[in-house]
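Inside the fold
Now for the letters of each chain:
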Amino acid sequence: MNRGNLTQDTRAAATELGYIFTFLLGVLLMSMFSVWAWDIETNTRLRWNEEAIQANMDDIAAAVERADEASRLGGNISYAEEISWRPTEADESLFWLELHDTSLILIDEGGPLDTEISLSGTGAGTHEGRVPLAGVERLWVVHDEGMTFLSLDRPQAVQ
């Protein structure tokens, strides 16, 4: 019969603890990486939205200024210009675009993307209009009968 002595061997327990701590360190590093990557993606999306909205607003403001220039030519001038709306990843169903005599305002009812662009207001007529931007791919800046306004529908030619 074989008789053995039991000994106090702690090497196996130390190895197991090493495995556990290595696993927990890996979980911690992966969690930190995923939070970091999510933060980068979120900030990039917000920056892209802001840049697209700013480019859209600049295009519309330039079209309003051209409509004002046409209105100063005198007479019964009509002017219309189509503007393509660059899509964003924001919830555009909460966007409204307002045209005032000296400003163009984007209202974001659900977030931080409110934007205002100053206009010269030197047109011969008045500015007005409020349009929703839900599902909009293009909109029109129109000057007709002394008024410059925004429209989602293509203006009809007057014969």
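Residues numbered from 1 in each chain as written. Predicted model: local features only at pLDDT ≥ 70, side-chain atom pairs only at ≥ 80, totals over all residues. Heavy atoms only, no water.

1. So, the overall build of the protein
We count it as follows: Counting from the N terminus, the helices are DSSP H or I runs at least four residues long and the strands are E runs at least two residues long. Three exposure classes are used, based on accessible area relative to the maximum for each residue type with a 1.4 Å probe and protein chains only: buried under 20%, partly exposed in between, and exposed over 50%.
Within the protein, the secondary structure is distributed over 1 helix and 8 strands. Along the protein, from the amino end to the carboxyl end, the secondary structure elements read α-β-β-β-β-β-β-β-β. Expressed along its principal axes, the backbone C-alpha trace of the protein runs to roughly 120 × 25 × 20 Å. Counting across all 159 residues of the protein, residues that qualify as buried make up 29%.

2. Overview of unusual backbone geometry
In this structure, E145 takes a positive phi of about 50° despite not being glycine. Here E145 is to be found in the loop between β7 (138-144) and β8 (147-151). Note on E145: relative accessible area 68%, which makes it exposed.

3. Regarding the nonpolar core
Here is the rule we go by: What we call a nonpolar core is a set of buried Ala, Val, Leu, Ile, Met, Phe, Trp, Tyr and Cys residues that are connected through their side-chain atoms within 4.5 Å. Note on contacts: a residue pair is in contact if any heavy atoms of the two residues lie within 4.5 Å.
Within the largest apolar cluster, 24 residues are counted, with the highest numbers of intra-cluster contacts made by I60, L97, L104, L133 and L150. Elements represented by at least two residues in this core include exactly α1 (11-71), β2 (95-99), β3 (103-108) and β7. The leading source of residues in this core is α1, at 7 residues. If we skip the residues at most four places from it in the chain, L133 touches W85, E92, F95, L97, L106 and L139.

4. Quick word on the environment of E137
Tracing the backbone shows E137 in the loop between β6 (130-132) and β7. The contact partners of E137, leaving out residues within four places of it in the chain, are I83, S84 and W85.

5. Things to note about the pattern of salt bridges
The condition that has to hold: Put simply, a salt bridge is a Lys or Arg side-chain nitrogen that is within 4 Å of an Asp or Glu carboxyl oxygen.
A complete count under the given rule lists 7 salt bridges for this structure. The closest approach of N and O atoms between R86 and D59, which form a salt bridge, is 2.8 Å. One end of the pair, R86, is in the loop between β1 (79-84) and β2; the other, D59, is in helix α1, with 27 residues separating them in the sequence. The exposure class assigned to R86 is partly exposed, which follows from its relative accessible area of 35%. Given the relative accessible area of 29%, D59 is considered partly exposed. Between R130 and E98 there is a salt bridge whose closest N-O contact spans 2.3 Å. A residue pair is termed long-range when its members are at least 10 positions apart, and R130 in strand β6 and E98 in strand β2 qualify at 32 residues. With relative accessibility at 41%, the residue R130 sits in the partly exposed group. On the basis of relative accessibility, which here comes to 15%, the residue E98 falls in the buried class. Through salt bridges that share partners, E41, R45 and E89 make up one connected network.

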